Amino acid sequence: MSPMSPSLPRRVVVREMGLRDGLQSVQTVVPTPAKLEWIRDAHAAGQREIEVGSFVPAKLLPQLADTAEVLAFAQTLPGLRATVLVPNMKGAERALEMNAEMMLVPLSASHAHSLANLRKAPDDVLAEIVRMRAARDASGARTEIEVGISTAFGCTIQGEVDPDEVVRLVQAVLDAGVESVSLADTVGYADPAMVSRLFERVLKVAGDKLVCGHFHDTRGLALANIYACLQLGIARFDASIGGIGGCPHAPGASGNVATEDLHYMLASMGIETGLDFDRLLALRAKVARWLEGETLHGSVWRAGLPKTMKQEPAHA
């Protein structure tokens, strides 16, 4: 284990996205009991933030049709922050009805991707976020709203995305009263220099409300991009067990960074995650069985840990 640089965070939260971002990109429909086992095992491995699903019409994403049941189970586990993705007002209403601790709302910085993914222009999504916040406040719910700025580094449909547009959207959602924002490299276009430049700009606008980075490993740079964020003090990242994930409306958006690979890099640098590597690998093996025939990613599961590396204990 390497000594941690004094400029890097001492502890990082890894939010598991496999049950939502992962499953929405595969054809296999994982049975609800297996999903509950997945969450139980992830919790036992030390994961304390899990995106458990999305409130979208079942006919569009049958893989996520049981989100309400899965969320209800996740809410029974001690210390677990269960989040759901909501693409529109109807989804937000369901999240509020179920007292979800947090809902993540996608807002694409690419106009073309926004139309393909949500059938709305970015400014129309902004208007809906304003209504979501008003509904949340009127209901008295404590559900937090995080807006994920997707395609922040480029888009396979539109091509280049202007960083000025990313900054504009971040400022707009903060003005709308959301609690936090995150930046996503939805299609794996980013490199560490791009990440540093954009996160530095957004930090000037959002400060500590910029809470998370979401990186796809499409071109093998996700871990490098995360390291660029670490150098700026970002201490929360999305990942998926087995590196599964993608966006149905972003061609080529393959593979989130693998949870087990991210944990290995962080732990090797002396950064605490609270995760247990052996339990993560055991869960990965189960997910591989549940998703037989689907492509999983990642490297450390093949090689294992170096003999020189000591593990930190998982969360109690």
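Everything below is about the structure shown above.
Worth saying up front: this structure is predicted, and the values here are computed from it rather than measured.

Asker: When you look at the overall build of the chain in this model, what are you seeing that I'm missing?
Answerer: The helix and strand inventory of the chain stands at twelve helices and eight strands. The globule rule puts the C-alpha radius of gyration for 316 residues at 20 Å, and the 18 Å found for the chain is close to it. Oriented by its inertia axes, the alpha-carbon framework of the chain measures out at about 55 × 40 × 35 Å. Sequence-distant contacts, at least 24 apart, represent 76% of the contacts inside the chain between residues at least 6 apart. Per element, the accessible surface of the chain, about 12,900 Å² overall, is 52% carbon and sulfur.

Asker: Even after reading the chapter, I still don't get helix α2 (residues 32-44), so can you show me in this structure?
Answerer: Residues three or four positions apart in an α-helix share a direction because the helix packs 3.6 residues into each turn. Relative to the 18 Å expected for 13 residues at 1.5 Å per residue, α2 spans 18 Å between its end C-alpha atoms, a close match to the ideal helical length. Within the span of α2, buried status applies to T32, A34, K35, L36, W38, I39, A42 and H43. Close packing links the buried residues of α2 with β1 (13-16), α1 (18-22), β2 (49-54), α3 (67-74) and α11 (277-290). Positive phi appears at G46, one or two residues downstream of α2, with a value of about 105°.

Asker: What should I look at first to understand the pairing of β2 in this one?
Answerer: Residues in a regular strand point their side chains to alternate faces of the sheet. Counting buried residues in β2 gives six out of six residues, a clear majority hidden from the surface. Two elements, β2 and strand β3 (residues 81-85), share five bridges in a ladder whose sense is parallel. Counted as the bridge partner of S54 is L85 from β3. As for the winding sense of the linkage, the β-α-β connection from β2 through α3 to β3 is right-handed.

Asker: In this structure, what is going on with the packing of aromatic side chains? I would like to understand it.
Answerer: Within a pair of aromatic rings, the relevant descriptors are the distance that separates the centres and the angle that separates the planes. Enumeration according to the criterion identifies four aromatic pairs in this entry. For the pair F153 and F215, a centre-to-centre distance of 6.3 Å together with 40° between the ring planes defines the contact as tilted. Of the two residues, F153 sits in the loop between β5 (144-150) and α7 (163-175) while F215 sits in strand β7 (residues 210-215), which places them 62 residues apart along the sequence. With relative accessibility at 8%, the residue F153 sits in the buried group. Overall, the relative accessible area of 0% leaves F215 in the buried class.

Asker: I keep staring at the packing of helix α9 (residues 222-230) against helix α10 (residues 259-268) and nothing clicks. Help me out?
Answerer: Between two packed helices, what matters for the description is the angle formed by their axes and the separation of those axes. Between α9 and α10, whose axes approach to 11 Å, the crossing angle comes to 45°. Considering the angle they form, α9 stands oblique to α10. Considering only the axes of α9 and α10, their crossing is right-handed. Note on element contacts: α10 touches α9 through D261, L262, M265 and L266, opposite L223, I226 and L230. A class-by-class count of the residues in the contact of α9 with α10 yields six nonpolar, no polar and one charged.

Asker: Would you take a moment to explain the pattern of salt bridges for this structure?
Answerer: A side chain with one charge can pair with a side chain of the opposite charge if their charged atoms come near. Scanning all chains against the criterion turns up 21 salt bridges. A salt bridge links R81 to E49; the nearest nitrogen and oxygen atoms lie 3.9 Å apart. In this pair, R81 sits in strand β3 while E49 sits in strand β2, placing the two residues 32 residues apart along the sequence. Residue classification places E49 among the buried positions, given a relative accessible area of 10%. Across the salt bridge formed by R131 and E128, the nearest N and O atoms sit 3.9 Å from each other. Taken together, the residues R131 and E128, both in helix α6 (residues 122-139) and three residues apart, mark about one turn of the helix. Given the relative accessible area of 44%, R131 is considered partly exposed. The exposure class of E128 is buried, given its relative accessible area of 8%. Taken together, the shared-partner salt bridges in this structure form one network comprising R15, E49, R81, E101, E144, E146, R236 and D238.

Asker: I tried to follow the side chain of Q47 on my own but got confused; where do I start?
Answerer: With respect to the element layout, Q47 can be found in the loop between α2 and β2. The class for Q47 is buried, based on a relative accessible area of 1%. At a separation of 3.0 Å, a polar atom in the side chain of Q47 contacts the side chain of E16. For Q47, the contacting residues outside a window of four places in its chain are E16, A42, L80, T259, L275 and L280.

Asker: Would you mind going over the environment of I234 with me for this structure?
Answerer: Checked against the element boundaries, I234 lands in the loop between α9 and β8 (236-239). What I234 contacts, discounting residues up to four positions off in sequence, is P9, F199, L203, L210, V211, C212, G213 and C229.

Analysis parameters
Residues numbered from 1 in each chain as written. Predicted model: local features only at pLDDT ≥ 70, side-chain atom pairs only at ≥ 80, totals over all residues. Heavy atoms only, no water. Helix = DSSP H or I, 4+ residues; strand = E, 2+ residues; numbered from the N terminus. Rg over C-alpha atoms; globule rule 2.2 N^0.38 Å. Contact = heavy atoms within 4.5 Å. Areas by Shrake-Rupley, 256 points an atom, 1.4 Å probe, with all protein chains shown as cover. Expected span 1.5 Å × (residues − 1). Buried < 20%, exposed > 50% of the residue type's maximum accessible area, 1.4 Å probe, protein only. Pairing = 2+ DSSP bridges. Right-handed = clockwise from strand over helix to strand, strands pointing away. Phe/Tyr/Trp six-rings, centres within 6.5 Å; stacked < 30°, edge-to-face > 60°. Axes fitted to C-alpha atoms, helices over the stretch in contact; angles between N-to-C directions. Parallel < 35°, antiparallel > 145°, perpendicular 65-115°, else oblique. Left-handed = near helix turned anticlockwise from the far one by under 90°. Nonpolar A, V, L, I, M, F, W, Y, C, P; charged D, E, K, R; others polar. Salt bridge = Lys/Arg side-chain N within 4 Å of Asp/Glu carboxyl O. Polar contact = N/O pair within 3.5 Å; in protein donor to acceptor, adjacent residues only side chain to side chain.

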